[in-house]
Structures are given as C-alpha cells and as structure tokens.
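Secondary and tertiary structure notes
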Amino acid sequence: MTFPKREIAEFATLFVVAFLFKIVFAQAWFSVQTLAVFITIWAFLKSIYFIFENSTQLLIATSEDIAYHRFLFLMTYNIGQMTLSFAVDFFCLYEVDTRSFVGVMPEFGTFEKAFEFFYFSVLNFTFFGYGDLMPATVPAKILVLMEVIIAFLTIIFILSDFISMKDSLKKLKK
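In this text, all values refer to a predicted model and were calculated from it rather than measured experimentally. (Residues numbered from 1 in each chain as written. Predicted model: local features only at pLDDT ≥ 70, side-chain atom pairs only at ≥ 80, totals over all residues. Heavy atoms only, no water.)

So, about the overall build of the protein chain. Broken down by element type, the protein chain carries five helices and two strands. In sequence order, the protein chain lays out its α and β elements as α-α-α-β-α-β-α. Out of the 174 residues in the protein chain, the part that is buried amounts to 39%. Within the protein chain, residue pairs in contact and separated by at least 24 positions form 76% of the contacts whose partners lie at least 6 positions apart. Total accessible area on the protein chain stands at roughly 10200 Å², and carbon and sulfur atoms take up 73% of it. (Helix = DSSP H or I, 4+ residues; strand = E, 2+ residues; numbered from the N terminus. Buried < 20%, exposed > 50% of the residue type's maximum accessible area, 1.4 Å probe, protein only. Contact = heavy atoms within 4.5 Å. Areas by Shrake-Rupley, 256 points an atom, 1.4 Å probe, with all protein chains shown as cover.)

What follows is about helix α4 (residues 110–125). Taking 1.5 Å of rise per residue, 16 residues should cover 22 Å, and α4 covers 22 Å from first to last C-alpha, within 8% of that figure. Restricting attention to buried positions, one finds in α4 the residues Lys-113, Glu-116, Phe-117, Phe-120, Ser-121, Leu-123, Asn-124 and Phe-125. Note on α4: the residue one or two positions beyond its end, Phe-127, has a positive phi of about 65°. (Expected span 1.5 Å × (residues − 1).)

Turning to the packing of aromatic side chains, a few remarks are in order. Under the criterion given, the structure shown has eight aromatic pairs. With 6.1 Å between their ring centres and 55° between their planes, Tyr-49 and Phe-50 make a pair best called tilted. You can call Tyr-49 partly exposed: its relative accessible area is 32%. You can call Phe-50 buried: its relative accessible area is 7%. Relative to Phe-120, the ring of Phe-101 lies with its centre 5.6 Å away and its plane at 75°, an arrangement referred to as edge-to-face. Pair noted here: Phe-101 is in strand β1 (residues 101–102) and Phe-120 is in helix α4, with a separation of 19 residues, a long-range link. Overall, Phe-120 belongs to the buried group, its relative accessible area being 6%. (Phe/Tyr/Trp six-rings, centres within 6.5 Å; stacked < 30°, edge-to-face > 60°.)

Taken together, the side chains of Val-37, Ile-41, Phe-44, Leu-45 and Ile-48 make up a nonpolar region of the molecular surface, amounting to roughly 460 Å² of accessible area. For Ile-41, the location among the structural elements is in helix α2 (residues 32–63). (Patch = residues over 30% accessible without salt bridge, like charges linked within 9 Å, V, L, I, M, F, W, Y side chains within 5 Å. Salt bridge = Lys/Arg side-chain N within 4 Å of Asp/Glu carboxyl O.)

Looking now at the packing of helix α3 (residues 68–96) against α4. It is the contact of α3 with α4, at a shortest axis distance of 8 Å, that shows an interaxial angle of 130°. Between α3 and α4, the angle falls in the class oblique. The two elements α3 and α4 meet at a crossing, and its hand is right-handed. On the side of α3, the interface is formed by Ile-79, Met-82, Thr-83, Leu-84, Phe-86, Ala-87, Phe-90, Phe-91, Tyr-94 and Glu-95, while α4 contributes Thr-110, Lys-113, Ala-114, Phe-117, Phe-118, Phe-120, Ser-121, Val-122, Asn-124 and Phe-125. (Axes fitted to C-alpha atoms, helices over the stretch in contact; angles between N-to-C directions. Parallel < 35°, antiparallel > 145°, perpendicular 65-115°, else oblique. Left-handed = near helix turned anticlockwise from the far one by under 90°.)

Below, the discussion takes up the side chain of Ser-100. For Ser-100, the position within the fold is in the loop between α3 and β1. Judged by relative accessible area, Ser-100 falls into the buried class, the value being 1%. A polar atom in the side chain of Ser-100 sits 2.8 Å from the backbone oxygen of Asp-97. The residues contacting Ser-100, other than those within four sequence positions of it, are Leu-93, Tyr-94, Met-134, Pro-135, Ala-136, Thr-137 and Ala-140. (Polar contact = N/O pair within 3.5 Å; in protein donor to acceptor, adjacent residues only side chain to side chain.)

Moving on, we come to the packing of α2 against α3. α3 packs onto α2 with a crossing angle of 175° between their chain directions and a minimal axis gap of 10 Å. Taken together, the axes of α2 and α3 lie roughly antiparallel to each other. Classifying every residue of the contact of α2 with α3 by side-chain character gives 17 nonpolar, six polar and two charged. (Nonpolar A, V, L, I, M, F, W, Y, C, P; charged D, E, K, R; others polar.)

This is the structure:
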C-alpha cells in the first residue's frame, strides 16, 4: 500500500519544523523560554489538527461504510503519526532545555535520546507511563497533557464509537 502525498507531506513537515527549531536554537535567536513556548504552541496546533483529522476520518469511514480492518489500519497509522509527532516535540523541548525531562541519561547520543522520547510518547499514548522519564517543566507537562488528552479522545471516543456510529448511520439510511 502506498502512502498518499498528503501523509508524506505531513511527515516531512513534522521533521522540517523540528530541524528549523534546531537551527533557531543553535543560532540563539530566541531565549530558551521563548523557544519552549514556540514548541508548545506548535504542538497545540498539531493537536488541533490531529483531533480534526481523526474526527473527519471517522465520519468518512462511517459514511462510506468501510471495513473495520481498514478503519483500524487508518487509525493505527494516525496513532503512529501522533506518537512520533509528540516524540519529536519532546526531543526538541529537551534539546532546548535539558531540565524539561527527568530521567534522560546525560551520556545518551542523539539517536538514543530520540528513541527515549519515542518510547516515552508511546507509553503516554497507551496510558502505561512507567515513570522512568518524567516532565519537569511547565512546557513539558503541557506537552504530556496534550498527548494524553489526544490519546484519550482517539482511543475512547473515536475507536470505540466507530461501530456504534456505523450502526446508527445504517439505521438512518433505512
């Protein structure tokens, strides 16, 4: 299965913006606090997009009566995109302010830190949260809250309501 151009553009945008944050941080054009606010605002805007995108896809899936396994594949892709997106946000925030998270080993290289934040993001999204990595600053806590709220909305409302919405629409069509 090939990815549509929009999904490729979404992933590209995610990494381009993260790279731009890294450039801006390296140039020291803004203070640490200002960059943390920019990262938080960026994450908030993405969160709104994810909520809108998931809701739209739910409505399309129910109105077109797509198979449940196709809908689950679509939601799995969206969940993967959201967890990766938040992992990048956590990573950028940590790069800007290492006080943002407690539990990251200082000797970790870039790829180890990136994995650490992806791991953290997946645990947040699945509501496990072992506590080996924790947010320590207000912007980090806000990012974690956003991810948990999106996870709740996605898992509880979107995935669980798919079947009942399909049944409701079938009854309306009859």
